[in-house]
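# Residue-level structure breakdown
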Amino acid sequence: MGAAYFYHLTQNSIEVTLPRLLEKARGAGWKIAVRGREQGRMEWLDQKLWMLGDVSFLAHGMVGGPHDALQPVLLTTTRDSPNGAVCVMSVDGADVSADEVNAAERVCILFDGHDPEAVQHARGQWKALTDAGCAAQYWSEESGNWQKKAESSGG
């Protein structure tokens, strides 16, 4: 049974935070699905991940490619996970179900702390998932470092 980790982005952008979380998840040996809501935004993230430069190489692909099953990180706008992901990273308000949280090793929900709609959506996701019995943690970088601010064992 997994848990949902909510990441409230206030100091760094998605293109800074996402690669760090992906590297940690890959370090745990997990395959990851990065789920967004809009294809254009996922293509933008794809380009950002390829442009990490010499600092890091993060192998990944966009869903629909010839080697989806082999990709350690797959960017998608659907719930399908052809790479067998055990970790889902939701960006831009992509929905995640309680069943997915319970089936995954971890679900990460990244949201923009400067966008009131994104914050409200994340609050709704927290309530829905914890009410459904999912374990959850809320992480904030407001102080400049990531700190766990809240935790729920679900239900």
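Here's what I pulled together on the structure shown here. (Residues numbered from 1 in each chain as written. Predicted model: local features only at pLDDT ≥ 70, side-chain atom pairs only at ≥ 80, totals over all residues. Heavy atoms only, no water.)

### A closer look at the overall build of the protein chain
Quick note on the threshold: Here a strand is any run of E in DSSP of at least two residues, a helix any run of H or I of at least four, and the numbering for each starts at the N terminus. Restricting the calculation to C-alpha atoms gives the radius of gyration, and the globule rule supplies 2.2 Å times the number of residues raised to the power 0.38.
Regarding its fold elements, the protein chain presents four helices and eight strands. Tracing the protein chain from N to C terminus, the helices and strands come up as β-α-β-α-β-β-β-α-β-α-β-β. Computed over its C-alpha atoms, the radius of gyration of the protein chain comes to 15 Å, within 12% of the 15 Å expected for a compact globule of 155 residues. The C-alpha extent of the protein chain, read off along each of the three principal axes, is 40 × 30 × 30 Å.

### Side note on helix α4 (residues 116–131)
Because an α-helix completes one turn every 3.6 residues, residues spaced three or four positions apart along the sequence face the same direction. Where we set the bar: Every helix has an expected span of 1.5 Å times one less than the residues it contains. Pairing of N or O atoms within 3.5 Å defines a polar contact, subject to two protein rules: one partner must be a possible hydrogen donor and the other a possible acceptor, and residues neighboring in sequence count only if both atoms are side-chain atoms.
In this model, α4 (16 residues) spans 22 Å end to end at C-alpha, consistent with the 22 Å of a helix rising 1.5 Å per residue. The distance from a side-chain oxygen at the start of α4 to the backbone nitrogen of E117 is 3.0 Å, and the residue carrying that oxygen is D115. Following α4 by one or two positions, G133 adopts a phi angle in the positive range, close to 95°.

### Describing unusual backbone geometry
One non-glycine residue with positive phi stands out, namely D92, at about 60°. Residue position: D92 is located in the loop between β5 (87–90) and α3 (98–103).

### Looking at the side chain of T10
Our working rule: Whether two residues are in contact is decided by their heavy atoms, any of which lying within 4.5 Å being enough.
Tracing the chain through its elements places T10 in the loop between β1 (3–9) and α1 (14–27). If we ignore the near neighbours within four places in the chain, the residues touching T10 are G113, H114, E141 and E142.

### What to know about the nonpolar core
The condition that has to hold: Residues enter a nonpolar core if they are buried and are Ala, Val, Leu, Ile, Met, Phe, Trp, Tyr or Cys, with the set joined through side-chain atoms within 4.5 Å. Summary of the burial criterion: residues with accessible area below 20% of their type's maximum are buried, those above 50% are exposed, and those between are partly exposed, where the area comes from a 1.4 Å probe applied to protein chains only.
One finds L18, L22, I32, V34, L75, M89 and L110 to be the most contacted residues of the largest nonpolar core, which totals 25 residues. For this core, the secondary-structure elements that each account for two or more residues are β1, α1, β2 (32–35), α2 (39–50), β4 (73–76), β5 and β6 (106–112). Sorting elements by how many residues they give to this core places α1 first, with five residues. Aside from chain neighbours lying at most four places away, what touches I32 is L22, A25, R26, P72, V73, L74, N83, A85, C87 and M89.

### With respect to the sheet that holds strand β7 (residues 135–140)
What counts, and what does not: Two strands are said to pair when DSSP picks up at least two bridges between them. Angles run from 0 to 180 degrees between N-to-C directions of axes, and those axes are lines fitted to C-alpha atoms, restricted for helices to the stretch in contact.
Taken in spatial order, the eight strands make up an open sheet running β3-β4-β2-β5-β6-β1-β7-β8, and their pairing is mixed. Edge positions in the open sheet fall to β3 (61–62) and β8 (147–152), since each of these has one partner strand only. Summarising the sheet, β7 and β8 pair through five bridges and their orientation is antiparallel. Within the sheet, the bridge partner assigned to Y138 lies in β8 and is A150. Against the sheet, α4 makes contact with β1, β6, β7 and β8, and its axis sits at roughly 155° relative to β6, the strand it touches most.

Function cannot be inferred from these measures alone, as they are strictly geometric.
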